[in-house]
Amino acid sequence: MLKIQIDHALCNLCGHCIASCPAPCLGFDEAETKVEVFDLDLCLICRNCEIHCPKDCLVVDFAEWEATREFRGMVRHVPAQRKLSESG
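As the structure is a computational prediction, the values presented were derived from the model and not from experiment.

Analysis parameters
- Residues numbered from 1 in each chain as written.
- Predicted model: local features only at pLDDT ≥ 70, side-chain atom pairs only at ≥ 80, totals over all residues.
- Heavy atoms only, no water.
- 1 Å grid on protein atoms, 1.4 Å probe; cavity = no way out; pocket = protein on both sides within 12 Å on 5 of 7 lines; lining within 4 Å.
- Points joined across faces, edges and corners; volume = space filled by probe spheres on them.
- Nonpolar A, V, L, I, M, F, W, Y, C, P; charged D, E, K, R; others polar.
- Buried < 20%, exposed > 50% of the residue type's maximum accessible area, 1.4 Å probe, protein only.
- Helix = DSSP H or I, 4+ residues; strand = E, 2+ residues; numbered from the N terminus.
- Pairing = 2+ DSSP bridges.
- Core = buried A, V, L, I, M, F, W, Y, C linked by side-chain atoms within 4.5 Å.
- Contact = heavy atoms within 4.5 Å.
- Polar contact = N/O pair within 3.5 Å; in protein donor to acceptor, adjacent residues only side chain to side chain.

Chemist: What is the right way to read empty space enclosed by the protein from this model?
Modeler: Which parts of space are left empty comes out when a probe the size of a water molecule is rolled across the atoms. Applying the stated rule across the entire model yields two cavities of 30 Å³ or more. Looking at the largest cavity, its volume works out to about 80 Å³. A class-by-class count of the residues in the lining of the second largest cavity yields eight nonpolar, three polar and no charged.

Now the structure itself:
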């Protein structure tokens, strides 16, 4: 199961996580007193929110979800690049 965990005690509401998210799955609550996950289905698992959080209060946990068939179906096989011959 995919989860975005937010430690609200550490969060200073800077909004870096929201601004760095390419999908509209994070936002402030109506009172703008905390960051919430609005639509987890939109999450691209890019982890930009986690990476750009200056307080390290946000974690994208996809360990269980990663092992599912759904995740494996999303991953594309990228063939290895062939080395160019070094003939001169």
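Chemist: Explanation requested: the pairing of strand 4 (residues 58-61) in the structure shown.
Modeler: For a regular strand, side-chain orientation follows a simple rule: the groups alternate between the two sheet faces. Covered by surrounding structure in strand 4 are Leu 58 and Val 60 only, the residues Val 59 and Asp 61 on the alternate face being uncovered. Pairing between strand 1 (residues 3-6) and strand 4: four bridges, direction antiparallel. Following the sheet pairing, Lys 3 is matched in strand 4 by Asp 61.

Chemist: Is there a simple way to think about the nonpolar core in this case?
Modeler: The nonpolar side chains of soluble globular proteins are, as a tendency, buried together. Grouped together as the largest cluster of nonpolar side chains are 18 residues, with contacts concentrated most on Ile 4, Leu 58 and Val 60. Sorting the residues of this core by element identifies strand 1 and strand 4 as the ones contributing at least two each. Excluding its chain neighbours within four sequence positions, the residues that come into contact with Leu 58 are Ile 4, Gln 5, Ile 6, Cys 17, Cys 49, Glu 50 and Cys 53.

Chemist: Looking at this structure, how should I read unusual backbone geometry?
Modeler: Note: most peptide bonds trans; most residues except glycine with negative phi. For Leu 13, which is not a glycine, the phi torsion comes out positive at approximately 60°. As for its placement among the helices and strands, Leu 13 is situated in the loop between strand 1 and helix 1 (16-20). If you check the backbone angles, Glu 32 has positive phi at about 55° while not being a glycine. A residue is classified by how much of its surface remains accessible, and Glu 32, at 56% relative accessible area, is exposed.

Chemist: Can you help me understand the side chain of Glu 50 in this one?
Modeler: Examined against the element boundaries, Glu 50 turns out to sit in helix 2 (residues 48-52). Only 3.0 Å separates the side chain of Glu 50 from the backbone nitrogen of Val 60, close enough to count as a polar contact. In this structure Glu 50 touches Leu 58, Val 59 and Val 60, once residues within four positions along its chain are discounted.

Any link to function would need more than the numbers given here.
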